[in-house]
Amino acid sequence: MFNVENIRKDFPILSRKVNGKPLVYFDNAATSQTPQQVIDVIVDYYSNYNANIHRGVHSLSQEATDKYEQARHKIQKHFNAKFAHEIIFTSGTTHSINLVANGFSSILKKGDEIIVSALEHHSNIVPWQMLCERTGAILKVIPMNLDGELIISDYDQLLSNKTKLVFVNHVSNALGTVNPIEYIIKKAHQVGAAVLIDGAQSCPHIKPDVQALDVDFYVASAHKMCGPTGVGMLYGKESWLKKLPPYQGGGEMIAEVTFEKTTYADLPHKFEAGTPNICGGIAFGAAIDYMNSIGFDNISSYEHELLEYATKKLLEIEGLKIYGISKHKTSVISFNLEGIHPYDVGTILDKMGIAVRTGHHCAQPIMDFYKIPGTVRASFSFYNTLEEIDVLANAVKKAQLMLS
Ligand code: 7TS
(Lines give C-alpha, C1' and ligand atoms only; values in the text may rest on other atoms or scores of the structure.)
Protein backbone atom coordinates (compact mmCIF):
# COMPACT_ATOMS: atom_id res chain seq x y z
CA MET A 1 0.00 0.00 0.00
CA PHE A 2 1.24 3.47 -0.94
CA ASN A 3 1.82 5.44 2.24
CA VAL A 4 3.60 8.74 1.75
CA GLU A 5 4.48 9.18 5.44
CA ASN A 6 6.30 5.83 5.45
CA ILE A 7 7.99 6.63 2.15
CA ARG A 8 9.26 9.96 3.52
CA LYS A 9 11.06 8.08 6.30
CA ASP A 10 13.28 6.53 3.61
CA PHE A 11 14.67 9.99 2.69
CA PRO A 12 16.88 11.42 5.46
CA ILE A 13 17.16 14.83 3.76
CA LEU A 14 13.40 15.42 3.98
CA SER A 15 13.61 15.93 7.74
CA ARG A 16 16.14 18.76 7.60
CA LYS A 17 15.43 22.45 7.88
CA VAL A 18 16.41 25.17 5.41
CA ASN A 19 16.58 28.78 6.62
CA GLY A 20 14.97 27.65 9.87
CA LYS A 21 11.93 26.12 8.10
CA PRO A 22 11.16 22.47 7.30
CA LEU A 23 12.51 21.72 3.83
CA VAL A 24 9.86 21.58 1.10
CA TYR A 25 11.73 20.07 -1.83
CA PHE A 26 10.00 20.93 -5.10
CA ASP A 27 13.03 20.85 -7.42
CA ASN A 28 12.69 17.19 -8.33
CA ALA A 29 12.95 17.81 -12.08
CA ALA A 30 16.48 19.12 -11.50
CA THR A 31 17.46 16.19 -9.30
CA SER A 32 15.57 13.78 -7.08
CA GLN A 33 16.43 12.97 -3.48
CA THR A 34 18.15 9.74 -2.44
CA PRO A 35 16.54 7.11 -0.20
CA GLN A 36 18.49 5.38 2.58
CA GLN A 37 18.32 2.10 0.62
CA VAL A 38 20.47 3.69 -2.13
CA ILE A 39 22.75 5.54 0.31
CA ASP A 40 23.39 2.17 2.03
CA VAL A 41 24.46 0.60 -1.28
CA ILE A 42 26.93 3.47 -1.86
CA VAL A 43 28.37 3.12 1.67
CA ASP A 44 28.56 -0.67 1.29
CA TYR A 45 30.50 -0.35 -1.98
CA TYR A 46 33.18 1.95 -0.53
CA SER A 47 33.27 0.12 2.80
CA ASN A 48 33.46 -3.44 1.51
CA TYR A 49 34.29 -4.05 -2.15
CA ASN A 50 35.73 -0.94 -3.82
CA ALA A 51 37.85 -2.23 -6.75
CA ASN A 52 38.29 -1.66 -10.45
CA ILE A 53 36.16 -3.89 -12.64
CA HIS A 54 36.61 -6.23 -15.62
CA ARG A 55 40.37 -6.50 -15.03
CA GLY A 56 41.55 -7.96 -11.72
CA VAL A 57 41.65 -11.68 -11.00
CA HIS A 58 41.32 -10.83 -7.32
CA SER A 59 38.11 -11.38 -5.39
CA LEU A 60 37.24 -7.74 -4.75
CA SER A 61 37.46 -6.93 -8.45
CA GLN A 62 35.29 -9.93 -9.26
CA GLU A 63 32.72 -8.90 -6.65
CA ALA A 64 32.57 -5.32 -7.95
CA THR A 65 32.33 -6.58 -11.56
CA ASP A 66 29.46 -8.93 -10.68
CA LYS A 67 27.51 -6.17 -8.90
CA TYR A 68 28.09 -3.71 -11.77
CA GLU A 69 26.92 -6.23 -14.37
CA GLN A 70 23.93 -7.15 -12.19
CA ALA A 71 22.99 -3.46 -12.23
CA ARG A 72 23.16 -3.49 -16.03
CA HIS A 73 20.75 -6.45 -16.01
CA LYS A 74 18.38 -4.61 -13.65
CA ILE A 75 18.34 -1.66 -16.03
CA GLN A 76 17.80 -3.99 -19.02
CA LYS A 77 14.84 -5.59 -17.27
CA HIS A 78 13.39 -2.27 -16.16
CA PHE A 79 13.40 -0.84 -19.69
CA ASN A 80 12.64 -4.23 -21.25
CA ALA A 81 15.66 -4.16 -23.57
CA LYS A 82 16.17 -7.37 -25.51
CA PHE A 83 19.86 -7.74 -24.50
CA ALA A 84 21.91 -6.49 -21.53
CA HIS A 85 24.62 -5.33 -23.96
CA GLU A 86 22.12 -2.83 -25.40
CA ILE A 87 22.47 -0.90 -22.11
CA ILE A 88 25.54 1.38 -22.12
CA PHE A 89 26.52 3.05 -18.85
CA THR A 90 27.23 6.76 -19.35
CA SER A 91 27.69 9.74 -17.05
CA GLY A 92 24.08 10.81 -17.73
CA THR A 93 21.61 11.93 -20.37
CA THR A 94 23.92 14.62 -21.75
CA HIS A 95 26.74 12.12 -22.25
CA SER A 96 24.36 9.59 -23.84
CA ILE A 97 23.07 12.13 -26.38
CA ASN A 98 26.58 13.30 -27.25
CA LEU A 99 27.65 9.69 -27.76
CA VAL A 100 24.90 9.12 -30.33
CA ALA A 101 25.35 12.53 -32.00
CA ASN A 102 29.06 11.87 -32.36
CA GLY A 103 28.35 8.45 -33.87
CA PHE A 104 26.09 9.96 -36.50
CA SER A 105 28.97 12.18 -37.72
CA SER A 106 30.12 9.25 -39.82
CA ILE A 107 26.60 8.41 -41.06
CA LEU A 108 25.06 11.77 -42.04
CA LYS A 109 25.82 13.50 -45.32
CA LYS A 110 25.41 17.10 -46.47
CA GLY A 111 21.71 17.87 -47.04
CA ASP A 112 20.40 15.07 -44.80
CA GLU A 113 17.75 16.31 -42.38
CA ILE A 114 17.35 15.73 -38.66
CA ILE A 115 14.32 16.75 -36.61
CA VAL A 116 14.18 18.13 -33.08
CA SER A 117 11.22 19.55 -31.14
CA ALA A 118 10.59 23.03 -29.77
CA LEU A 119 10.21 21.54 -26.29
CA GLU A 120 13.79 20.35 -25.78
CA HIS A 121 16.36 20.83 -23.05
CA HIS A 122 19.59 22.37 -24.40
CA SER A 123 21.33 19.02 -24.09
CA ASN A 124 18.98 17.66 -26.77
CA ILE A 125 19.61 20.67 -29.05
CA VAL A 126 23.26 21.71 -28.89
CA PRO A 127 24.91 18.31 -29.66
CA TRP A 128 22.77 18.05 -32.80
CA GLN A 129 23.64 21.59 -33.90
CA MET A 130 27.29 20.63 -33.49
CA LEU A 131 26.59 17.52 -35.57
CA CYS A 132 25.04 19.67 -38.32
CA GLU A 133 28.12 21.90 -38.34
CA ARG A 134 30.36 18.86 -38.78
CA THR A 135 28.29 17.13 -41.47
CA GLY A 136 26.28 19.79 -43.33
CA ALA A 137 23.02 18.15 -42.20
CA ILE A 138 20.00 20.42 -41.67
CA LEU A 139 18.14 20.81 -38.37
CA LYS A 140 14.33 21.10 -38.55
CA VAL A 141 12.10 21.93 -35.58
CA ILE A 142 8.61 20.61 -34.67
CA PRO A 143 6.82 23.75 -33.40
CA MET A 144 4.76 24.03 -30.20
CA ASN A 145 1.41 25.65 -29.38
CA LEU A 146 0.42 27.94 -26.49
CA ASP A 147 -0.69 24.98 -24.35
CA GLY A 148 2.90 23.72 -24.48
CA GLU A 149 2.21 20.81 -26.84
CA LEU A 150 3.91 19.82 -30.07
CA ILE A 151 2.00 20.60 -33.27
CA ILE A 152 2.03 17.09 -34.62
CA SER A 153 0.50 17.91 -38.01
CA ASP A 154 3.61 20.06 -38.63
CA TYR A 155 5.79 17.08 -37.72
CA ASP A 156 4.08 15.05 -40.44
CA GLN A 157 4.99 17.82 -42.93
CA LEU A 158 8.65 17.90 -41.87
CA LEU A 159 9.20 14.18 -42.44
CA SER A 160 10.56 13.09 -45.81
CA ASN A 161 12.98 10.58 -47.24
CA LYS A 162 15.74 13.10 -46.38
CA THR A 163 14.99 12.66 -42.66
CA LYS A 164 17.63 10.48 -41.03
CA LEU A 165 17.08 11.04 -37.33
CA VAL A 166 14.38 12.40 -35.00
CA PHE A 167 15.11 13.28 -31.36
CA VAL A 168 12.52 14.50 -28.88
CA ASN A 169 12.07 14.29 -25.16
CA HIS A 170 9.46 11.95 -23.73
CA VAL A 171 8.54 14.67 -21.20
CA SER A 172 9.45 18.36 -21.31
CA ASN A 173 11.52 19.46 -18.31
CA ALA A 174 10.28 23.05 -18.41
CA LEU A 175 6.53 22.38 -18.80
CA GLY A 176 5.96 18.71 -17.95
CA THR A 177 4.21 17.95 -21.28
CA VAL A 178 4.20 14.25 -22.16
CA ASN A 179 4.91 14.02 -25.89
CA PRO A 180 3.18 11.48 -28.17
CA ILE A 181 6.35 9.48 -28.72
CA GLU A 182 4.59 6.32 -29.95
CA TYR A 183 3.26 8.30 -32.93
CA ILE A 184 6.55 10.17 -33.44
CA ILE A 185 8.50 6.89 -33.55
CA LYS A 186 6.04 5.15 -35.88
CA LYS A 187 6.00 8.03 -38.35
CA ALA A 188 9.81 8.41 -38.34
CA HIS A 189 10.24 4.71 -39.07
CA GLN A 190 7.88 5.00 -42.05
CA VAL A 191 10.47 7.25 -43.75
CA GLY A 192 13.41 5.15 -42.54
CA ALA A 193 14.63 7.60 -39.86
CA ALA A 194 16.03 6.54 -36.50
CA VAL A 195 14.60 7.99 -33.25
CA LEU A 196 16.28 9.01 -30.01
CA ILE A 197 14.02 9.67 -27.03
CA ASP A 198 15.38 11.77 -24.17
CA GLY A 199 13.85 10.11 -21.13
CA ALA A 200 15.49 12.30 -18.47
CA GLN A 201 12.12 13.65 -17.30
CA SER A 202 9.92 10.64 -18.02
CA CYS A 203 11.85 7.93 -16.18
CA PRO A 204 11.14 9.37 -12.71
CA HIS A 205 7.40 8.95 -13.43
CA ILE A 206 6.87 6.36 -16.16
CA LYS A 207 8.32 2.91 -16.87
CA PRO A 208 9.15 2.88 -20.59
CA ASP A 209 9.21 -0.37 -22.58
CA VAL A 210 11.81 0.16 -25.30
CA GLN A 211 10.78 -2.92 -27.28
CA ALA A 212 7.08 -2.02 -27.27
CA LEU A 213 8.02 1.53 -28.31
CA ASP A 214 10.34 0.10 -30.98
CA VAL A 215 12.60 3.08 -30.22
CA ASP A 216 16.17 3.13 -31.56
CA PHE A 217 17.79 5.02 -28.66
CA TYR A 218 16.43 5.91 -25.23
CA VAL A 219 18.50 7.87 -22.68
CA ALA A 220 18.17 8.72 -18.98
CA SER A 221 20.02 9.96 -15.87
CA ALA A 222 20.10 8.08 -12.55
CA HIS A 223 20.03 11.24 -10.43
CA LYS A 224 16.47 12.07 -11.47
CA MET A 225 15.31 8.59 -10.40
CA CYS A 226 16.52 8.42 -6.79
CA GLY A 227 20.05 7.45 -7.84
CA PRO A 228 23.37 9.32 -7.66
CA THR A 229 24.68 12.03 -10.01
CA GLY A 230 27.30 11.27 -12.66
CA VAL A 231 25.73 8.09 -14.00
CA GLY A 232 23.08 7.34 -16.59
CA MET A 233 22.33 5.08 -19.46
CA LEU A 234 21.97 4.81 -23.19
CA TYR A 235 19.71 2.12 -24.56
CA GLY A 236 20.42 1.45 -28.22
CA LYS A 237 19.10 -1.27 -30.48
CA GLU A 238 21.88 -3.78 -31.01
CA SER A 239 21.93 -3.14 -34.78
CA TRP A 240 22.46 0.62 -34.23
CA LEU A 241 25.09 0.20 -31.53
CA LYS A 242 27.03 -2.12 -33.83
CA LYS A 243 26.83 0.44 -36.63
CA LEU A 244 27.95 3.49 -34.59
CA PRO A 245 31.70 4.03 -34.11
CA PRO A 246 33.11 4.26 -30.56
CA TYR A 247 32.80 7.65 -28.87
CA GLN A 248 35.97 7.69 -26.76
CA GLY A 249 39.13 5.63 -27.10
CA GLY A 250 40.96 4.15 -24.13
CA GLY A 251 41.20 1.18 -21.82
CA GLU A 252 38.45 -1.44 -21.66
CA MET A 253 36.94 -0.57 -25.06
CA ILE A 254 39.47 -2.49 -27.15
CA ALA A 255 39.89 -6.07 -28.38
CA GLU A 256 43.53 -5.67 -29.42
CA VAL A 257 45.90 -2.71 -29.63
CA THR A 258 49.03 -2.41 -31.76
CA PHE A 259 50.58 0.78 -33.14
CA GLU A 260 49.40 -0.27 -36.59
CA LYS A 261 45.75 -1.00 -35.80
CA THR A 262 43.36 -1.29 -32.88
CA THR A 263 40.24 -3.44 -32.89
CA TYR A 264 37.34 -2.66 -30.63
CA ALA A 265 35.66 -4.67 -27.91
CA ASP A 266 32.17 -6.08 -28.33
CA LEU A 267 29.11 -4.32 -26.94
CA PRO A 268 28.65 -2.81 -24.43
CA HIS A 269 32.37 -2.27 -23.72
CA LYS A 270 33.01 -0.61 -27.09
CA PHE A 271 31.28 2.49 -25.66
CA GLU A 272 32.64 2.28 -22.11
CA ALA A 273 36.24 3.51 -22.30
CA GLY A 274 38.13 4.00 -19.05
CA THR A 275 37.17 3.27 -15.45
CA PRO A 276 33.45 3.94 -15.16
CA ASN A 277 31.43 5.26 -12.24
CA ILE A 278 31.32 1.77 -10.70
CA CYS A 279 29.63 2.70 -7.45
CA GLY A 280 27.23 4.96 -9.35
CA GLY A 281 26.22 2.16 -11.72
CA ILE A 282 25.54 -0.22 -8.84
CA ALA A 283 23.58 2.50 -7.00
CA PHE A 284 21.59 3.20 -10.19
CA GLY A 285 20.47 -0.44 -10.09
CA ALA A 286 19.49 -0.03 -6.43
CA ALA A 287 17.53 3.14 -7.25
CA ILE A 288 15.57 1.27 -9.92
CA ASP A 289 14.84 -1.50 -7.39
CA TYR A 290 13.66 1.14 -4.93
CA MET A 291 11.33 2.85 -7.40
CA ASN A 292 9.90 -0.48 -8.51
CA SER A 293 9.27 -1.41 -4.88
CA ILE A 294 7.04 1.70 -4.65
CA GLY A 295 5.55 0.81 -8.07
CA PHE A 296 5.24 3.09 -11.08
CA ASP A 297 1.44 2.83 -11.14
CA ASN A 298 1.35 4.09 -7.54
CA ILE A 299 3.89 6.79 -8.34
CA SER A 300 2.03 8.17 -11.33
CA SER A 301 -1.43 8.12 -9.77
CA TYR A 302 -0.22 9.81 -6.56
CA GLU A 303 1.82 12.40 -8.47
CA HIS A 304 -1.21 13.13 -10.63
CA GLU A 305 -3.18 13.88 -7.47
CA LEU A 306 -0.39 16.28 -6.37
CA LEU A 307 -0.43 17.95 -9.79
CA GLU A 308 -4.21 18.44 -9.82
CA TYR A 309 -4.23 19.80 -6.27
CA ALA A 310 -1.31 22.16 -6.86
CA THR A 311 -2.79 23.43 -10.14
CA LYS A 312 -6.06 24.22 -8.39
CA LYS A 313 -4.39 25.90 -5.38
CA LEU A 314 -2.02 28.00 -7.46
CA LEU A 315 -4.70 29.12 -9.92
CA GLU A 316 -6.66 30.55 -6.97
CA ILE A 317 -3.91 33.22 -6.78
CA GLU A 318 -4.85 36.24 -8.85
CA GLY A 319 -2.20 37.21 -11.40
CA LEU A 320 -0.62 33.74 -11.44
CA LYS A 321 -0.19 32.18 -14.84
CA ILE A 322 0.74 28.56 -15.51
CA TYR A 323 2.78 27.77 -18.62
CA GLY A 324 2.17 24.32 -20.08
CA ILE A 325 -1.44 23.23 -19.68
CA SER A 326 -1.53 20.05 -21.73
CA LYS A 327 -3.88 17.30 -20.53
CA HIS A 328 -0.87 14.99 -20.76
CA LYS A 329 1.50 16.23 -18.08
CA THR A 330 3.78 14.92 -15.37
CA SER A 331 3.88 16.64 -11.98
CA VAL A 332 5.57 19.87 -13.05
CA ILE A 333 4.12 23.38 -12.75
CA SER A 334 5.88 26.30 -14.39
CA PHE A 335 4.37 29.64 -13.45
CA ASN A 336 4.87 33.37 -13.11
CA LEU A 337 3.28 36.11 -11.05
CA GLU A 338 2.24 39.06 -13.16
CA GLY A 339 4.83 41.86 -13.10
CA ILE A 340 7.26 39.95 -10.86
CA HIS A 341 10.56 38.36 -11.95
CA PRO A 342 10.68 34.59 -11.31
CA TYR A 343 14.08 34.89 -9.66
CA ASP A 344 12.64 37.18 -6.96
CA VAL A 345 9.83 34.72 -6.25
CA GLY A 346 12.32 31.84 -6.01
CA THR A 347 14.52 33.79 -3.59
CA ILE A 348 11.63 34.49 -1.23
CA LEU A 349 10.41 30.88 -1.41
CA ASP A 350 13.91 29.74 -0.45
CA LYS A 351 13.79 31.95 2.64
CA MET A 352 10.66 29.97 3.57
CA GLY A 353 12.43 26.62 3.11
CA ILE A 354 10.92 25.88 -0.31
CA ALA A 355 13.24 24.71 -3.09
CA VAL A 356 12.05 25.47 -6.63
CA ARG A 357 13.97 26.19 -9.80
CA THR A 358 13.72 29.58 -11.47
CA GLY A 359 14.98 30.72 -14.86
CA HIS A 360 14.90 29.27 -18.36
CA HIS A 361 15.43 25.66 -17.21
CA CYS A 362 17.98 25.07 -20.00
CA ALA A 363 15.10 25.40 -22.45
CA GLN A 364 15.54 28.94 -23.79
CA PRO A 365 13.53 28.36 -27.01
CA ILE A 366 10.43 27.65 -24.87
CA MET A 367 10.91 30.90 -22.92
CA ASP A 368 11.43 32.79 -26.19
CA PHE A 369 8.18 31.29 -27.51
CA TYR A 370 6.26 32.66 -24.52
CA LYS A 371 8.35 35.91 -24.58
CA ILE A 372 9.28 35.57 -20.91
CA PRO A 373 12.69 35.56 -19.20
CA GLY A 374 11.88 32.38 -17.32
CA THR A 375 9.44 30.78 -14.90
CA VAL A 376 9.23 29.50 -11.36
CA ARG A 377 9.12 25.72 -11.65
CA ALA A 378 7.71 23.52 -8.89
CA SER A 379 8.23 19.84 -9.69
CA PHE A 380 6.72 17.18 -7.44
CA SER A 381 7.78 13.67 -6.59
CA PHE A 382 6.01 10.74 -4.93
CA TYR A 383 7.54 11.70 -1.55
CA ASN A 384 5.91 15.16 -1.56
CA THR A 385 2.62 15.85 0.19
CA LEU A 386 -0.57 17.86 -0.22
CA GLU A 387 0.37 19.78 2.95
CA GLU A 388 3.63 20.87 1.31
CA ILE A 389 1.60 22.20 -1.62
CA ASP A 390 -0.44 24.29 0.85
CA VAL A 391 2.86 25.65 2.20
CA LEU A 392 3.90 26.55 -1.36
CA ALA A 393 0.59 28.25 -2.21
CA ASN A 394 0.70 30.34 0.98
CA ALA A 395 4.33 31.26 0.40
CA VAL A 396 3.62 32.34 -3.19
CA LYS A 397 0.83 34.60 -1.90
CA LYS A 398 3.25 36.12 0.64
CA ALA A 399 5.89 36.61 -2.05
CA GLN A 400 3.32 38.38 -4.21
CA LEU A 401 2.41 40.74 -1.36
CA MET A 402 6.07 41.48 -0.63
CA LEU A 403 7.06 42.07 -4.24
CA SER A 404 4.16 44.01 -5.67
N1 7TS B 1 17.18 16.27 -20.98
C2 7TS B 1 16.18 16.72 -20.20
C3 7TS B 1 14.76 16.62 -20.69
C4 7TS B 1 16.48 17.22 -18.93
O5 7TS B 1 15.48 17.64 -18.15
C6 7TS B 1 17.82 17.27 -18.49
C7 7TS B 1 18.20 17.88 -17.17
C8 7TS B 1 18.80 16.76 -19.34
C9 7TS B 1 18.44 16.28 -20.57
C10 7TS B 1 20.23 16.71 -18.94
O11 7TS B 1 20.41 15.73 -17.95
P12 7TS B 1 21.83 15.53 -17.25
O13 7TS B 1 21.56 14.55 -16.16
O14 7TS B 1 22.77 15.03 -18.29
O15 7TS B 1 22.23 16.89 -16.74
N16 7TS B 1 17.25 18.78 -16.66
C17 7TS B 1 17.41 19.63 -15.64
C18 7TS B 1 16.38 20.48 -15.20
O19 7TS B 1 15.27 20.53 -15.71
N20 7TS B 1 16.82 21.21 -14.17
O21 7TS B 1 18.09 20.87 -13.93
C22 7TS B 1 18.47 19.89 -14.83
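All values derive from a computational prediction rather than experimental measurement.

(A) Representation of the site of the ligand. Taken together, the neighbourhood of the ligand is formed by 15 residues, with Thr94, Asp198, Ser221, Arg357 and Arg377 sitting nearest. Between His121 and the ligand, the recorded distance is 3.4 Å, taken from a side-chain N or O atom to a nitrogen atom. One nitrogen or oxygen atom from the side chain of Asn173 is found 2.8 Å from an oxygen atom belonging to the ligand. In isolation the ligand has 490 Å² of accessible area, and contact with the protein removes 86% of it. Among the cavities detected, the one that contains the ligand is the largest pocket.

(B) Broad picture of the environment of Asn98. By the element assignment, Asn98 lies in helix α4 (residues 93-103). Along the backbone, Asn98 and Thr262 are 164 residues apart, and their C-alpha atoms lie at a distance of 23 Å. The residues contacting Asn98, other than those within four sequence positions of it, are Pro127 and Tyr247. Within the structure, Asn98 has its side chain in polar contact with the backbone oxygen of Thr94 (distance 2.8 Å).

(C) A look at empty space enclosed by the protein. Under the defined criterion, the tally for this structure stands at 2 cavities of 30 Å³ or more. Roughly 100 Å³ of internal volume is contained in the largest cavity. Lining the largest cavity are 17 residues, and of these Asn28, Pro204, His205, Lys224 and Ser381 lie nearest its centre. Class assignment for the residues of the lining of the largest cavity results in 8 nonpolar, 7 polar and 2 charged.

(D) Examining the side chain of Thr90 more closely. Along the chain, the position of Thr90 falls in strand β4 (residues 87-90). Overall, Thr90 belongs to the buried group, its relative accessible area being 6%. Within the local environment of Thr90, its side chain forms a polar contact with the backbone nitrogen of Met233, the two atoms lying 3.5 Å apart. Sequence-distant contacts of Thr90, that is, excluding residues within four places in its chain, are made with His95, Ser96, Leu99, Gly230, Val231, Gly232, Met233 and Leu234.

(E) Molecular detail of the sheet that holds strand β17 (residues 375-379). Taking strand neighbours across the sheet as the criterion, the 4 strands line up as β13-β14-β17-β16 in an open arrangement whose pairing is antiparallel. Only two strands of the sheet have a single partner each, and these edge strands are β13 (320-323) and β16 (357-359). Strand after strand, the sheet turns through a mean of 30° between neighbouring axes, direction not considered. Docked against the sheet, helix α11 (residues 296-315) engages β13 and β14 (332-337), running at close to 10° with respect to β14.

(F) A look at the sheet that holds strand β9 (residues 217-221). Strand order in the open sheet formed by 7 strands is β4-β10-β9-β8-β7-β5-β6, with mixed pairing between adjacent strands. What marks the edges here is a single partner per strand, and that holds for β4 and β6 (138-142). The average angle at which neighbouring strand axes cross in this sheet is 20°, direction not considered. Judged from the 5 bridges that link them, strand β7 (residues 163-169) and strand β8 (residues 194-198) form a sheet pairing that is parallel. Its bridge partner being in β8, Val166 is matched across the sheet by Val195. Sitting on the sheet, α4 touches β4, β8, β9 and β10 (232-236), and the angle it makes with β9 is about 155°.

(G) Just the environment of Ala395, in detail. Considering the arrangement of structural elements, one finds Ala395 in helix α14 (residues 386-403). The class for Ala395 is buried, based on a relative accessible area of 3%. Among residues more than four places away in sequence, those in contact with Ala395 are Leu349, Met352 and Ile354.

Rules used in this analysis
Residues numbered from 1 in each chain as written. Predicted model: local features only at pLDDT ≥ 70, side-chain atom pairs only at ≥ 80, totals over all residues. Heavy atoms only, no water. Near = heavy atom within 4 Å. Polar contact = N/O pair within 3.5 Å; in protein donor to acceptor, adjacent residues only side chain to side chain. Areas by Shrake-Rupley, 256 points an atom, 1.4 Å probe, with all protein chains shown as cover. 1 Å grid on protein atoms, 1.4 Å probe; cavity = no way out; pocket = protein on both sides within 12 Å on 5 of 7 lines; lining within 4 Å. Sits in = over half its atoms within 2 Å of the grid points. Helix = DSSP H or I, 4+ residues; strand = E, 2+ residues; numbered from the N terminus. Contact = heavy atoms within 4.5 Å. Points joined across faces, edges and corners; volume = space filled by probe spheres on them. Nonpolar A, V, L, I, M, F, W, Y, C, P; charged D, E, K, R; others polar. Buried < 20%, exposed > 50% of the residue type's maximum accessible area, 1.4 Å probe, protein only. Pairing = 2+ DSSP bridges. Axes fitted to C-alpha atoms, helices over the stretch in contact; angles between N-to-C directions.

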